[in-house]
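Letter by letter, the chains look like this.
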Amino acid sequence: MNKSIMLASGLTGLLIIWMLSGSNDAPAEEEVSQTSESEKLMSVVVKPSDAQLVAKKITVQGQVEPNRVLSLKTEVDGKVIALPIELGSRIQKGDVLAKISLKTRVAQREQAVANVAYQTQELAATKKLFDRKLESGSRLSLQQANLAAAKASLQQIDYDIKNSTISAPFDGVYDRRYVELGDYLDKGQQVVSLVDDLHLKITAMVPQQQVDGLVLGQDVTASLINGEAITGALSFISATADENTRSYRIEVLVDNSDHRRLVGMTASLDIPVKEVEGHLVSASSISLDNQGRLQIKAVDENNEVIAYPVTIVRTDSDKVWLSGLPAHVSLITLGQDFVIAGQTVQVSQG
């Protein structure tokens, strides 16, 4: 009986020891579980970003044109007797570009001058007789008409003589010649063409949805097809839209005092329209949501992922300005493709 009591007491002691040891191991198991859960959190790299004011831009395609192109026509008929300047030369205002034969106009002028003198004398004599009531009023009126006709004939001949020489009305380039030496020209026929390249204009068409943001005089930057960037002022916005494209013609005036050969080049115009708050991010940080909209991911103060829908304000090289984000935000710069909105993540600063 004593042996039975002793065996029971021993088993009871072992049971108590085992229970106590099991309760001591519980926190360790819980700690292992928590450590395992922590290890399962996805790691991301974030970078703080503050909003800045950025000029929103629209980009349109255009082309470079000369400020003025003028086709000079002859105002008299006759034969071309001189083309003194070589085609393609740079010219000054007043330079003679072509001469038309005067034919018999010099002799006609001498005759017209003599006729004016004669008609002037006749009118003076008629007026004296009229004052003495020896000549009728109709005779006096006829003589006045004869003198006016003689003067008009002289003026026409002087006009023809003056315009038998075709001169440059402005500085520019002698760009085209439509006649050759010895050609006979009719009045109104094209002779030469001049280009004013001291200033150039870049023309483009702006969609109707964006034209309201344009302001005359604002700076516009144009990127040419040769890689060069030039800046000018917005000098013209058409009052009406094109009937077919529903877009408005604009012109940007650019200085070309060094006479670069840019006419005819295509150009991409960046036109600032207004300032908005935006964040500058890497293009690789942008993704699409389930509906195909642009989004960018960030984390809140609890390290929970937030997906913000965004809009591109403008692009600069490999960076993109975005609107739609808070003024201060921690953007995910690495690992954004492996996390979803609402997910808690492990954060490290980039």
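As a convention, each chain's residues are numbered from 1 in the sequence order in which they are written. Local features in this predicted model are restricted to residues of pLDDT 70 or higher, and side-chain atom pairs are both shown and tallied only at a pLDDT of 80 or more, whereas totals for entire chains, interfaces and linings draw on every residue. To get the side-chain values, take all heavy atoms of the structure and skip hydrogens and water.

K.L.:
Which residues make up the overall build of the protein chain, and what are the values?
P.N.:
In terms of helices and strands, the protein chain carries three helices and 20 strands. For every residue, the accessible area obtained with a 1.4 Å probe (protein chains only) is divided by the maximum for its type, and the residue is called buried under 20%, exposed over 50%, and partly exposed between those limits. When burial is assessed residue by residue, the protein chain has 32% of its 350 residues classed as buried. We call two residues in contact when some of their heavy atoms are within 4.5 Å. Put simply, 72% of the contacts in the protein chain that link residues at least 6 apart link residues at least 24 apart. Accessible surface is estimated by sampling points in the Shrake-Rupley manner with a 1.4 Å probe; for residues, cover comes only from the protein chains shown. Total accessible area computed for the protein chain in this model is approximately 21700 Å², and 52% of it derives from carbon and sulfur atoms. Every helix listed is a DSSP run of H or I at least four residues long, and every strand listed is a run of E at least two residues long, numbered separately from the N terminus.

K.L.:
Account for the environment of D186, with residues named and values stated.
P.N.:
Within the element layout of this structure, D186 appears in the loop between β8 (184-185) and β9 (190-207). By relative accessible area, which is 49% here, D186 ends up partly exposed. Separated by 112 residues in the primary sequence, D186 and T74 have C-alpha atoms spaced 7.5 Å apart. The residues touching D186, leaving out its near neighbours within four places in the chain, are T74, V76 and D77.

K.L.:
Please give an account of the environment of G213 that cites residues and values.
P.N.:
With respect to the helices and strands, the residue G213 is situated in the loop between β9 and β10 (219-224). Considered as a pair, G213 and V273 are 60 residues apart in the sequence and their alpha carbons are 4.9 Å apart. The contact partners of G213, leaving out residues within four places of it in the chain, are Q218 and V273.

K.L.:
Please set out unusual backbone geometry residue by residue, giving values where relevant.
P.N.:
Unlike most non-glycine residues, K133 shows phi in positive territory, near 60 degrees. Topologically, K133 is positioned in the loop between α2 (105-131) and α3 (137-162). Positive phi is not limited to glycine here, since R246 has a value of about 55 degrees. Inspection of the secondary structure puts R246 in the loop between β11 (229-237) and β12 (247-255).

K.L.:
Tell me about the packing of aromatic side chains, and please be specific about residues and values.
P.N.:
To pair, rings of Phe, Tyr and Trp, with the six-membered ring standing in for Trp, must have centres within 6.5 Å; the planes then decide the type, stacked if under 30 degrees apart, edge-to-face if over 60, and tilted in the middle. This model, assessed by the stated rule, comprises zero aromatic pairs. Should the NZ of a Lys or the CZ of an Arg lie within 6 Å of a ring centre and within 35 degrees of the ring normal, that charge is described as sitting over the ring. Positioned above the aromatic ring of F170 is the side chain of R68, whose terminal nitrogen or guanidinium carbon lies 4.1 Å from the ring centre.

K.L.:
Tell me about the pairing of β12, and name the residues and values.
P.N.:
Where β9 meets β12, nine bridges bridge the pair, whose relative direction is antiparallel. Paired with A204 across the bridge in β12 is I250. In short, DSSP must find at least two bridges between two strands for them to pair. Sheet topology places β11 next to β12; four bridges connect them, and they run antiparallel. Within β12, the residue paired with I237 across the bridge is I250.

K.L.:
Break down the nonpolar core for me, with residues and values.
P.N.:
Here, nonpolar core means buried Ala, Val, Leu, Ile, Met, Phe, Trp, Tyr and Cys residues that are tied together by side-chain atoms lying within 4.5 Å of each other. Among the nonpolar cores identified, the biggest contains 24 residues, and I202, L214, I250, L269 and I271 are the most heavily contacted of them. Residues in contact with I271, not counting those within four places in the same chain, are K56, K57, I58, V60, L214, Q218, V220 and I250. Of all hydrophobic cores here, the second largest spans 18 residues; its members include V76, I85, I91 and L185.

K.L.:
An account of α3 is needed here, citing residue identities and associated values.
P.N.:
In a helix, the anticipated span is given by 1.5 Å times the number of residues less one. Under the 1.5 Å per step criterion, the end-to-end length of α3 is 38 Å for 26 residues, consistent within 8% with the ideal 38 Å. Within α3, the full set of buried residues consists of L140, Q143, L147, A150, L154, I157 and D160.

K.L.:
Would you mind going over the pairing of strand β13 (residues 266-282) in detail, with residue names and values included?
P.N.:
In this sheet, β13 lies alongside strand β2 (residues 52-73) in antiparallel orientation, the contact comprising twelve bridges. Bridge assignment links V60 to a residue of β13, and that residue is L269. Summarising the sheet, β13 and strand β18 (residues 319-323) pair through four bridges and their orientation is antiparallel. Paired with V281 across the bridge in β18 is V320.

K.L.:
Explain the side chain of Q218 to me, and be specific about the residues and the numbers.
P.N.:
Inspection of the secondary structure assignment puts Q218 in the loop between β9 and β10. Owing to a relative accessible area of 14%, Q218 belongs among the buried residues under this scheme. Those residues in contact with Q218 that lie beyond four places of it in its chain are G213, G232, A233, L234, I271 and P272.

K.L.:
Please provide a residue-by-residue account of the pattern of salt bridges, values included.
P.N.:
Every case where a carboxyl oxygen of Asp or Glu lies within 4 Å of a side-chain nitrogen of Lys or Arg is listed as a salt bridge. According to the stated counting rule, one finds 16 salt bridges in the structure shown. The salt bridge involving R105 is made with D160; its shortest N-O contact spans 3.6 Å. Separated by 55 residues along the polypeptide, R105 in helix α2 and D160 in helix α3 bring together distant segments of the chain. The exposure class assigned to R105 is buried, which follows from its relative accessible area of 7%. Between R109 and D158 there is a salt bridge, with the nearest N and O atoms lying 2.4 Å from each other. Of the two residues, R109 is situated in helix α2 and D158 in helix α3; the sequence distance between them amounts to 49 residues. Note on D158: relative accessible area 29%, which makes it partly exposed. Salt bridges sharing partners connect three or more residues here, namely E65, K201, R249 and E251.

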